[in-house]
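# Working through the structure, step by step
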Amino acid sequence: MRELLAAAPAVVRTLNIRRGDERRFAREVEQVRAARGAVAVVDDAALERLAGRGARHQGIVATISHFHYADLDELIQQRPDPLVVIDGVTDPRNLGALMRSAEGAGVRALVIARDRTVAVTPAAVKTSAGAWAHLSIAQCGNVVRTLEQLKERGYWVAALAPQGTVSIYDLDVTRPLVLVLGSEDQGVRPLVRKTSDFIVNIPMRGRVASLNVSVAAAIALFEVARRRGLASRGTP
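Model, not experiment: these values are computed from the prediction. (Residues numbered from 1 in each chain as written. Predicted model: local features only at pLDDT ≥ 70, side-chain atom pairs only at ≥ 80, totals over all residues. Heavy atoms only, no water.)

## Details of the overall build of the chain
Counting its regular elements, the chain contains 9 helices and 10 strands. Projected onto its principal axes, the C-alpha coordinates of the chain cover approximately 60 × 40 × 40 Å. Burial status across the chain gives 45% buried among its 236 residues. Residue pairs in contact within the chain that sit at least 24 positions apart in sequence constitute 79% of those at least 6 positions apart. When the accessible surface of the chain is totalled, it reaches about 12700 Å², and 48% of it is carbon and sulfur. Between the averaged position of the 32 positive side-chain charges in the chain and that of its 24 negative side-chain charges there is a distance of 3 Å. (Helix = DSSP H or I, 4+ residues; strand = E, 2+ residues; numbered from the N terminus. Buried < 20%, exposed > 50% of the residue type's maximum accessible area, 1.4 Å probe, protein only. Contact = heavy atoms within 4.5 Å. Areas by Shrake-Rupley, 256 points an atom, 1.4 Å probe, with all protein chains shown as cover. Lys, Arg positive; Asp, Glu negative; His and termini not counted. Charge placed at Lys NZ, Arg CZ, Asp CG, Glu CD.)

## Considering the pattern of salt bridges
Inspection of every chain in the model, using the stated rule, returns 12 salt bridges. Residue Glu103 pairs with Arg108 through a salt bridge whose shortest N-O separation is 3.6 Å. Note that Glu223 and Arg226 form a salt bridge whose closest N and O atoms lie 3.0 Å from each other. Of the two residues, Glu223 and Arg226 both sit in helix H9 (residues 213-232), 3 residues apart, roughly one turn of that helix. Residues joined by salt bridges that share partners form a network here, namely Arg18, Asp21, Arg24 and Asp44. (Salt bridge = Lys/Arg side-chain N within 4 Å of Asp/Glu carboxyl O.)

## Remarks on the packing of helix H5 (residues 92-104) against H9
Interaxial distance between H5 and H9 falls to 9 Å at its minimum, and their mutual angle equals 10 degrees. Viewed along their axes, H5 and H9 adopt a mutual orientation that is roughly parallel. For the pair formed by H5 and H9, the contact residues are Asn94, Ala97, Leu98, Ser101, Ala102 and Gly104 on the first element and Val213, Ser214, Ala217, Ala218, Leu221 and Phe222 on the second. Taken together, the residues that form the contact of H5 with H9 break down as 8 nonpolar, 4 polar and no charged. (Axes fitted to C-alpha atoms, helices over the stretch in contact; angles between N-to-C directions. Parallel < 35°, antiparallel > 145°, perpendicular 65-115°, else oblique. Nonpolar A, V, L, I, M, F, W, Y, C, P; charged D, E, K, R; others polar.)

## Some words on helix H2 (residues 26-34)
Turning to H2, its buried residues number three or more, namely Glu28, Val29 and Val32. All buried residues of H2 fall inside an arc of 100 degrees around its axis, so they share one side. Among the exposed residues of H2, those oriented more than 90 degrees off its buried face are Arg27, Glu30 and Ala34. A positive phi of about 70 degrees marks Arg36, the residue just after H2. (Arc of directions from axis to C-beta.)

Note that all results are geometric; they support no functional claim without further evidence.
See the structure below:
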């Protein structure tokens, strides 16, 4: 919650605080009111309803405005590098974890497929731990067409898949890069694979053949960031 309020207090429509905790959350109240949001003091039962079944609220729950997606063409014109394209992730918690990892690795933009992929929901926002507020996120209707458009702009497209022929540790990261992530169960779709320049794998050392999509994304993106950091310092 503190990360959300620090990054984008204006998205909070109503900050709901448990009665008796007003002093504890005085700073958060001030931030929301400064951004012209509302503050409501409620009882435990109301807070439980707002948070949802099984959610842990710690005495505070924010009701936020509808998420506003970036314009895809404008996002592409900004030439973010690397750019993450998500096609088929259906679990909002995976999307939230992926946003958190991507932002932590220095990614500034994501493109999410409009079909077969979860939108930026409250559950995804919560799991992202505030990372979503630092990202430009657009939706696309046709992933293959979007990838072709990005390639025309000078990007190289790397699809992450366990059966990939190029190790993430060998991938050329000096060029503008798009990393494509597929669904949790089926991975990257065949047509998306065909459109990609590289099919990239993360070498596995154990008996499990693959990783959760958000974990795989974190490994790949931090490796790209590490290698680019070394190159910028002139380290071989």
